[in-house]
Structures are given as C-alpha cells and as structure tokens.
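# Reading the structure
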Amino acid sequence: MSGRWNLFRKFLIEQLQEEDAVDGEVNSNDLNLRPPSESLKPHLFPRSTTDPVTLLDGTSSQKEFEDLLSTCYIPMEIWYIRTIIDKAQHLSSTDFSQTPATTTTPDDVFYILKTVYTRLLSTGSLAALEQTTDLLKDVLDHDFAGSIKKKLDDVYRVGSGTRTEKSEKESRTAFLVLLNDLDLSSSHMERLVKDLLSQPAITQLFLDLEQPRIRTIVSSLLASTTRFKATSKTFLMHWTKMDMQPAEYQDIVRKRFVKLWEGLTDGYKDACTENNYRILFGLALGVILRPWEKYILTLHYSELGAIRFDRDLRSIMAYLSSQTIFGDIREKFIRLQQISSLLNLDSDEDVESFYSGSGISWTVSMQEAKDIITLKA
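Residues numbered from 1 in each chain as written. Predicted model: local features only at pLDDT ≥ 70, side-chain atom pairs only at ≥ 80, totals over all residues. Heavy atoms only, no water.

Turning our attention to the overall build of the protein. Within the protein one finds 17 helices and two strands. Counting only residues that meet the buried cut, the protein has 40% of its 377 residues in that class. For the protein, the share of sequence-separated contacts (at least 6 apart) that also reach a separation of at least 24 residues comes to 78%. (Helix = DSSP H or I, 4+ residues; strand = E, 2+ residues; numbered from the N terminus. Buried < 20%, exposed > 50% of the residue type's maximum accessible area, 1.4 Å probe, protein only. Contact = heavy atoms within 4.5 Å.)

Throughout the structure, instances matching the rule amount to one cavity of 30 Å³ or more. One number sums up the size of the largest cavity: a volume of about 70 Å³. At the level of secondary structure, the elements contributing two or more residues to the lining of the largest cavity comprise helix H5 (105-121), helix H6 (126-159) and helix H7 (165-197). Across the lining of the largest cavity, the residue classes break down as three nonpolar, five polar and two charged. (1 Å grid on protein atoms, 1.4 Å probe; cavity = no way out; pocket = protein on both sides within 12 Å on 5 of 7 lines; lining within 4 Å. Points joined across faces, edges and corners; volume = space filled by probe spheres on them. Nonpolar A, V, L, I, M, F, W, Y, C, P; charged D, E, K, R; others polar.)

Next up on the list: the nonpolar core. With 87 residues, the main nonpolar core has Tyr-117, Leu-121, Trp-261, Trp-292, Leu-320 and Phe-333 as its most contacted residues. Once residues lying within four places of it in the same chain are set aside, the contact partners of Leu-320 are Phe-257, Trp-261, Phe-281, Leu-285, Ile-329 and Phe-333. (Core = buried A, V, L, I, M, F, W, Y, C linked by side-chain atoms within 4.5 Å.)

Bringing the pattern of salt bridges into the picture now. Side chains that differ in charge, positive against negative, can pair when their charged atoms come close. For the structure shown, the criterion picks out 18 salt bridges. Lys-137 is paired through a salt bridge with Asp-134; the nearest N and O atoms lie 3.8 Å apart. One end of the pair, Lys-137, and the other, Asp-134, are both in helix H6, three residues apart, so they sit about a helical turn from each other. On the basis of relative accessible area, Lys-137 is assigned to the buried category, the value being 17%. Salt bridges here are not isolated pairs; linked through shared partners, they connect Arg-9, Asp-57 and Glu-210. (Salt bridge = Lys/Arg side-chain N within 4 Å of Asp/Glu carboxyl O.)

If you check helix H4 (residues 60-90), its first and last C-alpha atoms are 44 Å apart, about what 31 residues at 1.5 Å a residue would give, namely 45 Å. Among the residues of H4, Gln-62, Phe-65, Leu-69, Tyr-73, Ile-74, Glu-77, Ile-78, Ile-81, Ile-84, Ile-85, Ala-88 and Gln-89 are the ones counted as buried. (Expected span 1.5 Å × (residues − 1).)

What follows deals with a negative patch on the surface. Residues Glu-303, Asp-346, Asp-348, Glu-349 and Asp-350 make up a contiguous surface patch of negative charge. Summarising the element assignment, Glu-303 is placed in helix H14 (residues 303-322). Its relative accessible area of 66% is what places Glu-303 among the exposed residues. (Patch = residues over 30% accessible without salt bridge, like charges linked within 9 Å, V, L, I, M, F, W, Y side chains within 5 Å. Areas by Shrake-Rupley, 256 points an atom, 1.4 Å probe, with all protein chains shown as cover. Lys, Arg positive; Asp, Glu negative; His and termini not counted. Charge placed at Lys NZ, Arg CZ, Asp CG, Glu CD.)

With that settled, the discussion passes to the confidence of the model for the protein. For the protein, the average pLDDT comes to 83, and 84% of its residues sit at 70 or higher. This model gives residues 246-251 a pLDDT under 50, and the stretch forms eight contacts once residues within four places in sequence are excluded. (pLDDT = per-residue confidence, 0-100.)

A few words on the side chain of Asn-6. In this structure, Asn-6 sits in helix H1 (residues 2-33). Excluding residues within four positions of it along the chain, Asn-6 makes contact with Gln-62, Thr-123, Gly-124, Ser-125 and Leu-205.

Another point: the packing of aromatic side chains. Under the criterion given, the structure shown has 11 aromatic pairs. Members of the aromatic cluster, connected to one another through ring pairs, are Trp-5, Phe-8, Phe-11 and Phe-65. (Phe/Tyr/Trp six-rings, centres within 6.5 Å; stacked < 30°, edge-to-face > 60°.)

The topology assignment puts Gln-199 in the loop between H7 and helix H8 (201-205). Take Gln-199: its relative accessible area is 19%, and that puts it in the buried class. Among all residues touching Gln-199, those that are not within four sequence positions of it are Thr-118 and Leu-121.

Before going further, it helps to examine unusual backbone geometry. Between Thr-99 and the following residue, Pro-100, the backbone shows a cis peptide bond with an omega angle of -5 degrees. With respect to the helices and strands, Pro-100 occurs in the loop between strand S1 (94-95) and strand S2 (102-103).

Let us now look at the environment of Ile-84. Along the chain, the position of Ile-84 falls in helix H4. For the pair Ile-84 and Asp-108, spaced 24 residues apart in sequence, the C-alpha to C-alpha distance is 8.3 Å.

Turning to the packing of helix H11 (residues 254-265) against helix H13 (residues 274-296), a few remarks are in order. As a packed pair, H11 and H13 sit with axes 12 Å apart at the nearest point and diverge in direction by 135 degrees. Classed by the angle they form, the pair H11 and H13 counts as oblique. When you trace H11 past H13, the crossing you get is right-handed. For the pair H11 and H13, contact is made by Phe-257, Trp-261 and Leu-264 and by Phe-281, Ala-284, Leu-285 and Ile-288, respectively. Tallied by class, the residues present in the contact of H11 with H13 amount to seven nonpolar, no polar and no charged. (Axes fitted to C-alpha atoms, helices over the stretch in contact; angles between N-to-C directions. Parallel < 35°, antiparallel > 145°, perpendicular 65-115°, else oblique. Left-handed = near helix turned anticlockwise from the far one by under 90°.)

Pairs of packed helices are described in terms of their axes, by the angle between the two and the distance that separates them. Contact geometry of H4 with H5 gives a least axis separation of 9 Å together with a crossing angle of 170 degrees. The orientation of H4 with respect to H5, classified from their angle, is roughly antiparallel. Packed against H4, whose contacting residues are Tyr-73, Glu-77, Tyr-80, Ile-81, Ile-84, Ile-85, Ala-88 and Gln-89, the element H5 presents Thr-105, Asp-108, Val-109, Ile-112, Leu-113, Val-116, Arg-119 and Leu-120 at the interface. In terms of residue class, the contact of H4 with H5 is built from 11 nonpolar, two polar and three charged.

Rendered as structure tokens:
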C-alpha cells in the first residue's frame, strides 16, 4: 500500500510541477500581450505558491503512511532479519565440497537481506529507507559479524592452549572457515549493493530529486565490507603470531627454511580465499623475518661466511617468489639485503662513503650500517 501511495504521490507532484511550468509560461506570454494597466491587476484566484513536494508531504495520507512504516513495518523487518541471522547461525554447516570451504551462513543471510531490502525499496519511502538502512547496518555489525567474531575468539582461545596435532588441525580448519565466511560476506555485500542500485523501484517510486540520496543510502551498506575485512586481518595477525611463533627459533639455511615454510603453510593456500591467503602470506613473512634479522645481527662473519649468507638469502627469496603470484616479495627483504651488502663490503672500502654514494634507498640507518660492519671478523 505504501508503494502504491508513493507512486501516486510521485504522479501528483510531477503533474503539479508540469502545470506550474506551463502556467508560468502562459502567464508570461499573457502579460506581454495585455495593456500595461491590465497586467498590473491582481489575479482574483491566485495559485498556491507552495512547492508540490512540500504540499504532498504535508497531507494526512503521507503522514499516516510514514507513521505506519515507522511504528509497524520497520520494527517487523528488523525483527525478521535478526531472527533469520540467528537461525542461520544455529543451523550453519560447513561445505567442504567446495574450495575454499565456507559455512552456509553467508549465503542464507544475504539471500534474506536482499529480500528485505528489495521489499524496503518497494515502500517508496525515503525516510523509511534511511532509518531501516542504519538499523540493518547495526544488525550486520553486531548480530552477524559479531557472532562470527565471537566464534573466532573461541577458536583462538582453544588454539592457544595445549595443542595436539589433531586439535591444532581442527582449530586451524575452523578458524579459516570463519575467516572465509567474512571474506565471502564482503563479496556478497558488494554484489548486493550493485543489484539494489539497479532495482527499478528506485526510478519508479522515488522522485528524480530523491534518487541520488537513495543511491547514497544504498551504497552506505558497503561500509560493512570494510569492517568484515578489518576483522579478518586482525584475527589473521593474531593467529599468525601464535601459529608461527616456533619459526623464530629454526635454522635459516635454505633447505631447512623450505621445510619449515612448507610445514607452516600446508593447507592454508587451498583452505583460504585469495585475499586471505595474500594477507596470511605477508604476515607469515613478517613473523619470520623480524626474528631472523635480530638473530643474524648476533653473529660474526668471515669473508666466506658473508658470501654464504648472501647466497642463502638470495636462494630463499627465489624460493618464496616461486610460491606466490602476488608479485615481487623482495620489498619485504630490503633490510636483509642491505645487511648482506654491508657484510660483503670490501675491507678497504669506507662504510660512510659507500652509504652516501651508493645510490641505495637505505632502510638501515648510518649507525646501524657501522654496527653491521663490526660483525665482520
């Protein structure tokens, strides 16, 4: 009924605007044809100067429909979507037949969300759309994403306790599935907004001057994707530190590094979405490279030792480059490369001259460079 009323409202407003435009044109021509004395006479029945939109929005019908939407329809829709989210989470099951694995929750929730929002657009009410969108964003953050975050917290707590091989594998699987749900939800939201913006109800039921605002409100749903991605990255960082901490104490030569890396990343690539694996790959390197750098700065190097370190560093970089399609990973090794360059500096070359004249964009400070030179035996 609200949609029918707003369609009728749009028709009346457009008709009144057209009549005003025609009357204005006729009156202008009429004034030019009248004698001066006639043109100055006031109209016996002047038209209303009230804007058609203001005129229709002030009617009792408009107020009645807006009141019904605000007090009855909107609370009912919010209750419905919250009930569906709760039910979808309780009935959630993991689909291991697809790669990467996800639960049924995102598909169920976003299917109903599209139904709810399409119905909301069909009311033709800008006020109802704005109010309900704000409430839906809050529901998505707290009921949907908040529930996934709680589950991630639970898995993280279990994973950080006493860990057997079986429990570690189960925790990792559960953790990655939940992160995949968040990443899938981001994709679903982007697709949903795109579909909603092409809904015919926007042009059929809303005035031309209202449509830009409608599109802005619908697009504001994309803010949820930012929060989904931020949550994923935060938990990936925590999990990386916990799951890969043993890497700090392992040997650094290539063969043992490859064995260590393959052990740590086994199962992640197939279980993660591309976005999550890219983040995980970068975080894993960070966890390994920082302690590695600290470790090598505690050693002393002969000339052959410095050469071997440079060779091992290059071979590890080549190996890691072959393991990813995300582009050159050499940027993450810049400090280690610069340390290697300093360790392999000729004994008769002045470090300050080399530092200032090499053309290298140093991430190692001058004092650090001097300290590194002292590691050479």
